[in-house]
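These are the residues of each chain, in order.
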Amino acid sequence: MDRILIPEHMWSSPKEDGRPKWDNKFQYILSCIGFAVGLGNVWRFPYLCQIHGGGAFLIPYFIALIFEGIPLLHLELALGQCLRKGSISAWRAISPYLGGVGVGSWMVSVLVSLYYNTVLTWVMWYFVNSFQDPLPWSVCPLNENRTGLNEECYESTAVNYFWYRKTLNITPDIAESGTLQWWLVLCLAACWAIVYLCTIRGIETTGKAIYVTAIFPYLVLTIFLIHGLTLPGATEGLAYLFTPDLNVLKNPRVWLDAATQIFFSLSLAFGGLIAFSSYNPPKNDCEKDAVTVAIVNSLTSLYASIPVFSVLGFKATTGYWDCLDRNIISIINEFDLPEQSIMRQNYTDWITFLNSSYPEKIAGLKLKSCDLQEFLDQSVSGSGLAFIVFTQAIILMPGSQAWAILFFIMLFSLGLSSMFGNIEGVFTPLLELQIISKSIPKELLSGIICLVSFLIALCFTLSSGSYWIDIFDRYAGSLPLLVIAFFEVIGVVYVYKIKRFSEDVKWMTGRKLNLYWQITWRFISPLLLVIVFVAFVTLQIQKPPTYTAWNPKHEDFPVKEEKAYPPWVQAICVLLAVLPCIFVPLVALFQLVKRTWRSKDPSFLPPEVFSCQEVNRNFSHPKK
């Protein structure tokens, strides 16, 4: 079959079905990249490289990308483009029994949107506070009597105090809900208002906003990269990040983390990618799109790691120097030595000499052990990297206000572009299900979705809210996606049949599917998903779920206190993990009962199997 693809100028031509469409191919690719590239690329991937052997982690990472990430991404983009429907309608079209796969992905998009936008709330709060001079997380406030520093801040750090007390006002236990924090409520309302304005008419508005939200983070990362490489200690940070330790590849956890990082980073099984590609013209090279988006996403992770670890290397080096300087002052005072007699460069020689000559005096000084490697080993990911480690490093930079403003604008842009995909995964199926009257304007429906989401998400602005966000992230945004993705592959390969789907892809792209796609879709990708699922569940069962609480009364404070979840919280954890998955068998069972009952009617005709050519027969294509 000749290859017939839509030229660039045909992307904006009207269509007979009245379905919205992208203004151009670049807008669509940017939207997919914006959805895939999110906060995890900045604060999760570098952490995994750090704890899993540096450059050695890239080996399982790229293996997982080739055999799991790219095939599943191609499958979703091809499915949405072929059927030109959202997730629920698409899977119902393949088979009524698979309708639960679409419902499950819709449910995950809802749950993730609720907590993901609350993370943007934290980012906004830090952004607003970045205009203060000095930065509010750079100094400890006075106590109530104004006779000294606040005790909680003094015992920990100013950065920790601003995060846990001034931002979260966190409770020492998840069972203590606390009160709504008004500053977070206001920021949450502002975040949902921004999401509403950007998604008010679906892709017609998100398509315009994506030019800013998807491109701006790369500009900021480049600025941080240039500045980061000039900082003292940047070389040590990068060497620590990329020096490979091949021995870690013997650890199964490394391979599990690589597979899950690829899977979640590409935003697979959320339904947003199916929704995005459904607005494409049918004859579009979805294969090239999938490879492009996947490669850009992974390269972004690598690119973001360089400025992140340049800054972390700077922070570690500064901490190491401070440790040396404190020890040097103690030694000079104790031995009444001239100033500048002991420098960082000759510190080790002096310590060796004094230890051999005056061991008792040196022991009495209780000098701290200063080791650069220990400072570099202080690994942290997620909110801890963004709101504690990175903010602490920013304080040490000249012009810290400007760097803080840039950093939090970048994080907000990354999160907002990912929110577009989450909301599209919620918005598109609702429009297509005919549950809501078509007379209701898109603006009103979008407004209702954002308002209801805001009201539900208020629970995350309670003092215990950050504990619940960790739970939602760990259970609602992880295990269900593996189950949904597994049934997506099984549904296409063994229910719809791989041969028929291959013909559809050939009709859309003008190329026959090569052996790589056939083997990965049939065997490798489903097998990898099962292995990751079993390993994930096994690890959860082996160790009872715990959380770390910020408790100023804890005997080891400021070390966080590890606690077990109460039974009722564990029940909610199980519910969040099971709820999206349970729709898969429930819908299948409902359809089976419905079909059995209706088959008794002589006039009943089973639904016909669709084909891409039939679905898109009314779509006008340019002649070759």
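What counts and what doesn't
- Residues numbered from 1 in each chain as written.
- Predicted model: local features only at pLDDT ≥ 70, side-chain atom pairs only at ≥ 80, totals over all residues.
- Heavy atoms only, no water.
- Helix = DSSP H or I, 4+ residues; strand = E, 2+ residues; numbered from the N terminus.
- Buried < 20%, exposed > 50% of the residue type's maximum accessible area, 1.4 Å probe, protein only.
- Contact = heavy atoms within 4.5 Å.
- Expected span 1.5 Å × (residues − 1).
- Axes fitted to C-alpha atoms, helices over the stretch in contact; angles between N-to-C directions.
- Parallel < 35°, antiparallel > 145°, perpendicular 65-115°, else oblique.
- Left-handed = near helix turned anticlockwise from the far one by under 90°.
- Disulfide = S-S within 2.5 Å.
- Pairing = 2+ DSSP bridges.
- UniProt positions renumbered as here; feature names shortened; annotations may be inferred.
- Polar contact = N/O pair within 3.5 Å; in protein donor to acceptor, adjacent residues only side chain to side chain.
- Patch = residues over 30% accessible without salt bridge, like charges linked within 9 Å, V, L, I, M, F, W, Y side chains within 5 Å.
- Areas by Shrake-Rupley, 256 points an atom, 1.4 Å probe, with all protein chains shown as cover.
- Salt bridge = Lys/Arg side-chain N within 4 Å of Asp/Glu carboxyl O.
- Bend = angle between axes of the 7 residues up to and from the residue.

**Q** Summarise the environment of L58; cite the residues concerned and give the values.
**A** Mapping L58 onto the fold places it in helix α4 (residues 58–83). Judged by its relative accessible area of 17%, L58 is buried. Taking the C-alpha atoms as reference, L58 lies 9.4 Å from L302; in sequence the two are 244 residues apart. Here L58 is in contact with F45, C49 and L302, once residues within four sequence places are set aside.

**Q** Would you mind going over helix α21 (residues 465–476) in detail, with residue names and values included?
**A** For α21, which comprises twelve residues, the first-to-last C-alpha distance of 15 Å matches the rise-based estimate of 16 Å (1.5 Å per residue) to within 8%. For α21, the buried fraction is high: nine of the twelve residues fall into the buried class. Listed as buried for α21 are G465, S466, Y467, W468, I469, I471, F472, Y475 and A476. Residues of α21 that are buried make contact with α6 (99–129), α22 (479–495), α24 (515–542), β1 (546–549) and α25 (567–598).

**Q** Describe the packing of helix α1 (residues 25–36) against helix α10 (residues 203–229), with residues and values.
**A** Here α1 crosses α10 at 55°, and the two axes come no closer than 9 Å. Taken together, the axes of α1 and α10 lie oblique to each other. Seen from above, α1 lies across α10 with left-handed handedness. Of the residues in α10, those touching α1 at F26, Q27, L30, S31, I33 and G34 are G207, K208, I210, Y211, A214, I215 and Y218.

**Q** Break down the state of the cysteines for me, citing the residues and quoting the values.
**A** Simply put, disulfide is the name for a covalent bond between the sulfur atoms of two cysteines. Under the definition given, this model contains two disulfides. Sulfur-sulfur distance for the disulfide between C140 and C153 comes to 1.9 Å. Classification of the bridge connecting C140 and C153 rests on its S-S torsion, roughly -85°, and on that basis the disulfide is left-handed. A residue pair is termed long-range when its members are at least 10 positions apart, and C140 in the loop between α6 and α7 (151–155) and C153 in helix α7 qualify at 13 residues. Taking relative accessible area as the criterion, C153 reaches 1% and is therefore assigned buried. Through a disulfide, C323 is tied to C370; the S-S separation comes to 1.9 Å.

**Q** Run through the pairing of strand β2 (residues 561–564), naming residues and quoting values.
**A** Residue alternation in β2 divides its side chains into a buried set, E561 and K563, and an unburied set, E562 and A564. One ladder, built from four bridges, connects β1 with β2; its direction is antiparallel. Paired with T548 across the strands is E562, a residue of β2.

**Q** Report on the UniProt feature "binding site: Na(+)" (unreviewed entry) in the protein chain, specifying residues and quantitative values.
**A** UniProt records the feature "binding site: Na(+)" (unreviewed entry) for G34, A36, V37, N41, S265, N297, L414 and S418 in the present numbering. In sequence the annotated residues extend across 385 residues, while in space they remain close, none of their C-alpha pairs exceeding 12.4 Å. Within the fold, G34 resides in helix α1. Here G34 falls in the buried class, since its relative accessible area comes to 3%. Residues within four places of G34 in sequence aside, it is in contact with I210, A214, L414, S417 and S418. Ignoring any residue separated from it by four or fewer positions in sequence, one finds N41 in contact with A36, P46, S265, N297, T300, S301 and A304. Polar contacts involving the side chain of N41 include one to the main-chain amide nitrogen of G38, which spans 2.9 Å.

**Q** Lay out the environment of I332 with the relevant residues and their values.
**A** Structurally, I332 is set in helix α14 (residues 286–335). Taking relative accessible area as the criterion, I332 reaches 13% and is therefore assigned buried. Not counting chain neighbours up to four residues away, the residues in contact with I332 comprise L337, P338, S341 and I342.

**Q** For a nonpolar patch on the surface, give the residues involved together with the corresponding values.
**A** A cluster of nonpolar residues, I59, I63, I66, F67, L246 and W255, forms a patch on the protein surface that exposes about 510 Å² of accessible area. Here the nonpolar patch gets four residues from one element, more than from any other, and that element is α4. Here I59 is to be found in helix α4. Take I59: its relative accessible area is 39%, and that puts it in the partly exposed class.

**Q** An account of the environment of P398 is needed here, citing residue identities and associated values.
**A** Here P398 lies in the loop between α18 (383–395) and α19 (400–432). Spatially, the C-alpha atoms of P398 and T199 are 38 Å apart, while their sequence positions differ by 199 residues.

**Q** Talk me through α4; I want residue IDs and the actual numbers.
**A** Taking 1.5 Å of rise per residue, 26 residues should cover 38 Å, and α4 covers 35 Å from first to last C-alpha, within 8% of that figure. The sharpest bend along α4 comes to roughly 45°, located at L65. Most of α4 sits out of view: 21 of its 26 residues are buried. Following α4 by one or two positions, R84 has its phi on the positive side, about 55°.

**Q** Run through the pattern of salt bridges, naming residues and quoting values.
**A** This structure, assessed with the given rule, holds twelve salt bridges. Close ionic contact of K208 with D23 constitutes a salt bridge, the shortest N to O distance being 3.0 Å. Here D23 lies in the segment before α1 and K208 lies in helix α10, a separation of 185 residues in the sequence. Residue K208 is classed as partly exposed on the basis of its relative accessible area, which comes to 47%. The class of D23 is partly exposed, set by a relative accessible area of 33%. Close ionic contact of D289 with K25 constitutes a salt bridge, the shortest N to O distance being 3.1 Å. Residue D289 is located in helix α14, and its partner K25 is located in helix α1; the two are separated by 264 residues in the primary sequence. An identical accessibility class is assigned to D289 and K25; each is buried.

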